[in-house]
Amino acid sequence: MQIDLLFQGFPGRSSRGFLGWSSCVLIRPVGKAPILFDTVGFNERILLLTKLKELGVNKEDVGTVLLSHFHFDHAVNYPLFPNATFYLHEEEVKHIENNGEEDLAIPVEMYPSLRDSGRLSILTGKSGIVEGLNWMHTPGHTPGLYSLFLNYRGSKIVLASDTVKNISELRTGEVSMTWDEVRGKESINAIRRWADIVVPGHDRLLQIKRNGSHVEVYPINESAIDIIVPWKDDKFSIKI
Ligand SMILES: [Zn+2]
């Protein structure tokens, strides 16, 4: 199995609202069709397809799209993949149907086409295996959020999406922008107990080091975003 981080998340916000720059991971099991965990935002769809192509993956090749939850910055590019089966958790479906107008990060207008695509599969219960991968229901940020728990090249890796949005949440266990704060903290703790490496929804790769019951969290790599502004002579990079 090969895992590639196509997009690294970015935790910044702006005075114009959320940037929504989320993480996205490509998983290629040996002998099986590629799997995508989340799909980044509408504004990134060209780059998403470019990055896939650079790895030799055409959009028609993707067999599975795991939608960790149905927020705009993770889910809206599912229609790009004509042969994929899409997976949502049952609690997320209920959340869209019951709270779609209230949770303004949900692109609620896109849900009927997903529901009626004939290619939506529903994950049920607390945990299971999807396409050979271990998933666990990690609610809080949304009621139906799920994460992947993977053993990969000697490390325990969690693709956490917005269960862990950034380094601060993993360090402190405190969460923001959550539908259910208590369950959100429980979900983060489950990840803190198990993982060596966490791919958060909106931050760098994070490493967990344990010393007895003491947990320390470090970023593994740097964040660097190039901003190109036409009225500036050069592009500039933001590192945090
Ligand atoms: Zn979200």
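Chemist: Residue-level account of the overall build of the protein, with values.
Modeler: The number of helices and strands found in the protein is 6 helices and 17 strands. Relative to the compact-globule value of 18 Å for 240 residues, the protein shows a C-alpha radius of gyration of 17 Å, a close match. Projecting the C-alpha coordinates of the protein onto the three principal axes gives extents of approximately 50 × 45 × 40 Å. For the protein, the proportion of its 240 residues judged to be buried stands at 49%. Long-range contacts, defined here as pairs at least 24 residues apart, represent 57% of the contacts in the protein between residues at least 6 apart.

Chemist: Tell me about the sheet that holds strand β14 (residues 206–211), and name the residues and values.
Modeler: Sheet architecture is open: 7 strands sit in the order β9-β10-β11-β12-β13-β14-β15, paired in mixed fashion. Looking along the sheet, the strands with just one partner apiece sit at the ends: β9 (127–130) and β15 (214–219). For this sheet the average axis-to-axis angle between neighbouring strands, irrespective of direction, equals 30 degrees. Relative to strand β10 (residues 133–137), β9 runs antiparallel, the two sharing 4 bridges. Its bridge partner lying in β10, Gly128 is registered against Trp135.

Chemist: So, empty space enclosed by the protein: which residues are in play, and what are the values?
Modeler: Within the structure shown, the criterion is met by 1 cavity of 30 Å³ or more. When its volume is computed, the largest cavity comes out at roughly 50 Å³. In terms of lining, the largest cavity is formed by 13 residues, of which the most central are His141, Asp162, Thr163, Val175 and Gly184. Grouping the constituent residues of the lining of the largest cavity by class yields 3 nonpolar, 8 polar and 2 charged.

Scoring rules and cut-offs
- Residues numbered from 1 in each chain as written.
- Predicted model: local features only at pLDDT ≥ 70, side-chain atom pairs only at ≥ 80, totals over all residues.
- Heavy atoms only, no water.
- Helix = DSSP H or I, 4+ residues; strand = E, 2+ residues; numbered from the N terminus.
- Rg over C-alpha atoms; globule rule 2.2 N^0.38 Å.
- Buried < 20%, exposed > 50% of the residue type's maximum accessible area, 1.4 Å probe, protein only.
- Contact = heavy atoms within 4.5 Å.
- Pairing = 2+ DSSP bridges.
- Axes fitted to C-alpha atoms, helices over the stretch in contact; angles between N-to-C directions.
- 1 Å grid on protein atoms, 1.4 Å probe; cavity = no way out; pocket = protein on both sides within 12 Å on 5 of 7 lines; lining within 4 Å.
- Points joined across faces, edges and corners; volume = space filled by probe spheres on them.
- Nonpolar A, V, L, I, M, F, W, Y, C, P; charged D, E, K, R; others polar.

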